[in-house]
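Coordinate inspection notes
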Amino acid sequence: QLQLQESGPGLVKPSETLSLTCTVSGGSISNSNSYWAWIRQPPGKGLEWIGGIHDGGNTYYNPSLKSRVTISADMSKNQFSLKLSSVTAADTAVYFCAKHGLWLTLLAHWGQGILVTVSS
Amino acid sequence: EIVMTQSPLSLPVTPGEPASISCRSSHSLLHSNGYTYLDWYLQKPGEPPQLLMYLISNRASGVPDRFSGSGSGTDFTLKISRVEAEDVGVYYCMQGVQTLSTFGQGTKLEIK
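These remarks concern the structure in this document. (Residues numbered from 1 in each chain as written. Chains lettered and ligands numbered in written order. Predicted model: local features only at pLDDT ≥ 70, side-chain atom pairs only at ≥ 80, totals over all residues. Heavy atoms only, no water.)

1. Here we look at the sheet that holds strand 1 (residues 4-7) of chain B
Residue and element names in this part refer to chain B. Heads up, the condition is: Pairing between strands is defined by DSSP: at least two bridges between them are needed. What counts as a helix is a DSSP run of H or I of at least four residues, what counts as a strand is a run of E of at least two, and both are numbered from the N terminus. Lines are fitted to the C-alpha atoms to define the axes, a helix being fitted only along its stretch in contact, and any angle between axes, read from their N-to-C directions, falls within 0 to 180 degrees.
Here four strands make up an open sheet; going across it, the order is 1-3-8-7 and the pairing antiparallel. Every interior strand has two partners, whereas the edge strands, strand 1 and strand 7 (67-72), have only one. Ignoring which end each strand starts from, the neighbouring axes of this sheet average 20° apart. In this structure, strand 3 (residues 19-25) lies alongside strand 8 (residues 75-80), joined through six bridges in antiparallel fashion. The residue of strand 8 that forms the bridge with Ile21 is Leu78.

The structure is reproduced here in C-alpha cells:
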C-alpha cells in the first residue's frame, strides 16, 4: 500500500526558506508516470495546490507562488521535496504531500500533513 | 486560474436524510481529450482529505454507494442519499483540467 510521509522543521523564521521532504513507501516515484504534489492548508482555512513534479522531471507550480517555489525529486531515495523561499506568516499552514492518479487530479494518496509555523 | 465556487458553505443534515452540494467552475472542466477533471474530497477533523469521486461520478475505492456525483461543463453536484454520522466533515471539489489545480472553498456538513 502506497504511503507518503512529510518531514521537516515545524518552525521557520520569516524571510527564510521552508524545506520539506515527502518520503514514499510501498511504491516508487520513478516510472510511476504520475505527478507528485504539495498542497497546503492554513489553519482553519481551505486547500491550496502548490505544485507538482512528474517522475519524468516536469514541474507545474501555482502562479501565485511560482517565484518562491521549487519542487524536486530524488528517485534514489524515493523522495520529493518542497522549498518555499522568503516565507512570511501567511505561509503558516499544514503542508501535505500527495500523489495524483490522473493528470493533476485524483489525489487518492496523501501524507498525514505537517504543520509549519512561520514565526521569529 | 479556474475558480471553484461551492454552495452551501454550511450544511446541517438530519441522519437518514439526503444532502446535496453544488460546485461551479469559472471555466469548463472538459478537457480536449474528453475527460472532465472534477474530483470530490471529504476532510474529517485532523485528517488529510480523502478522495470520494473522480472524473465527476466515479467513486473511489471503498466509498459507499450512497455517494454519487453528477454534472458536466461548469456545473457539478455531489449527493448523499442518506446521511450518516460518519459523513461529517468538510467537502471540497477540485479541478485539474489546467496546469493549476484549484479547490472550492469547502462545504461543512454537520449533523443536526
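We are not done yet, so read on.
2. Digging into unusual backbone geometry
Geometrically, the link from Ser7 of chain B to Pro8 of chain B is a cis peptide bond, its omega value of -10° lying close to zero. Positionally, Pro8 of chain B belongs in the loop between strand 1 and strand 2 (10-13). Positive phi, normally seen in glycine, also occurs at Leu106 of chain A, with a value near 55°. With respect to the helices, strands and loops of the structure, Leu106 of chain A is situated in strand 10 (residues 105-110). The backbone phi angle of Leu55 of chain B is positive, close to 45°, even though this residue is not glycine.

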